[in-house]
Each structure stands twice: as C-alpha cells, then as structure tokens.
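Chain residues, written in single-letter form:
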Amino acid sequence: MRLAFAGVVVGIGSALGLTRFVASFLFGVPARDPLIFVGIPLLLSVVALVAVWLPARRASRVDPIVALRYE
C-alpha cells in the first residue's frame, strides 16, 4: 500500500503541475476541481487496498508447513 500511496501523491502533484496544459482540453469542468482531486485518488486507493487485501487474506489462511511441503 505504501507504493500505491506514493503513486497517488506523485500523481496528484503531477496533475496539479499540469493543470494549465490540461485546462485547454476541459469543457465545463474547472481544471482544479476538488471533487476530482479527492475522489479519484480515494477510488484508486480503495481499489489498491482490495487488490492487496484479498491475496493477503487468502495467503494467511494457508498453513506455512503445508505450503512449504507443497513446493
């Protein structure tokens, strides 16, 4: 999750830096819309959390001795 959060921070910083360039492509949406700058990183963080949590939960249910003997 640290890597995902680092990506979110870098992405927000890059997006804020490129707002002047992107503003010419946007119609009807302000370049620094707070809903977008909060909502999208939050959504991506939730998706990353689910992507990390499901395999970790599954792996924690396996007995380590059984897993070592399998290989």
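Described in the following lines is the structure provided in the data block. Because the structure is predicted, anything quoted here is derived from the model rather than measured. (Residues numbered from 1 in each chain as written. Predicted model: local features only at pLDDT ≥ 70, side-chain atom pairs only at ≥ 80, totals over all residues. Heavy atoms only, no water.)

**A closer look at the overall build of the protein chain**
Cut-off, in case you're wondering: Secondary structure counts use DSSP, requiring at least four H or I residues in a row for a helix and at least two E residues in a row for a strand, with both numbered from the N terminus. For the radius of gyration, the atoms used are the C-alpha atoms, and the globule rule reads 2.2 Å times the number of residues raised to 0.38. Here the open area of atoms and residues is found with the Shrake-Rupley method and a 1.4 Å probe, where only the protein chains shown may cover a residue.
In terms of regular secondary structure, the protein chain is built from four helices and zero strands. What you see for the protein chain is a C-alpha radius of gyration of 19 Å, clearly larger than the 11 Å of a compact globule of 71 residues, by over 25%. With respect to the principal axes defined by its C-alpha atoms, the protein chain has extents near 60 × 15 × 15 Å. With the model as given, the accessible surface of the protein chain reaches about 6,200 Å², and the carbon-plus-sulfur share is 73%.

**Notes on the environment of Ser14**
Following the sequence through the fold, Ser14 ends up in helix α1 (residues 2-17). Along the sequence, Ser14 and Ile65 sit 51 residues apart, while their C-alpha atoms lie 46 Å from each other.

**Things to note about the packing of aromatic side chains**
Keep this limit in mind: Only Phe, Tyr and Trp rings take part, Trp by its six-membered ring, and two of them pair if their centres are within 6.5 Å. Stacked means planes under 30 degrees apart, edge-to-face means over 60, and tilted covers everything else. Throughout, exposure labels follow a simple rule: accessible area from a 1.4 Å probe, protein chains only, divided by the maximum for the residue type, with under 20% read as buried, over 50% as exposed, and the rest as partly exposed.
Within this structure, the stated rule accounts for one aromatic pair. Ring plane angle 75° and centroid distance 5.4 Å describe the contact between Phe21 and Phe25, whose orientation is recorded as edge-to-face. Overall, the relative accessible area of 53% leaves Phe25 in the exposed class.

**Topic: the side chain of Ser45**
Inclusion rule: Note on contacts: a residue pair is in contact if any heavy atoms of the two residues lie within 4.5 Å.
Relative to the elements of secondary structure, Ser45 occurs in helix α3 (residues 34-60). A relative accessible area of 14% means that Ser45 is categorised as buried. Excluding its chain neighbours within four sequence positions, the residues that come into contact with Ser45 are Met1, Phe5 and Val8.

**Examining α3**
Which entries qualify depends on this criterion: Expected span, for any helix, means 1.5 Å times one less than how many residues it has.
Helix length check: α3 (27 residues) gives 38 Å between terminal C-alpha atoms against 39 Å at 1.5 Å per residue, within 8%. Against α1 lie the buried residues of α3.

**Topic: the packing of α1 against α3**
The line we're drawing: To obtain each axis, a line is fitted to C-alpha atoms, and for helices this fit is confined to the stretch in contact; angles are then taken between N-to-C directions over 0 to 180 degrees. Should an angle lie under 35 degrees it is considered roughly parallel, over 145 roughly antiparallel, and from 65 to 115 roughly perpendicular; all remaining angles are considered oblique. Here a crossing is taken to be left-handed if its near helix is turned anticlockwise relative to the far helix by less than a right angle, and right-handed if that turn runs clockwise. Residues are grouped as follows: nonpolar covers Ala, Val, Leu, Ile, Met, Phe, Trp, Tyr, Cys and Pro; charged covers Asp, Glu, Lys and Arg; every other residue, Gly included, is treated as polar.
The geometry of α1 relative to α3 is characterised by a closest axis approach of 10 Å and an angle of 160° between their N-to-C directions. Overall, the two elements α1 and α3 adopt an arrangement that is roughly antiparallel. Along this stretch, α1 crosses α3, giving a crossing that reads as right-handed. Residues Ala4, Phe5, Val8, Ile12, Ala15 and Leu16 of α1 lie in contact with α3, whose contacting residues are Phe37, Pro41, Ser45 and Ala48. Each residue belonging to the contact of α1 with α3 can be placed in one class, and the counts come to nine nonpolar, one polar and no charged.

Nothing here speaks to function; it is all geometry.
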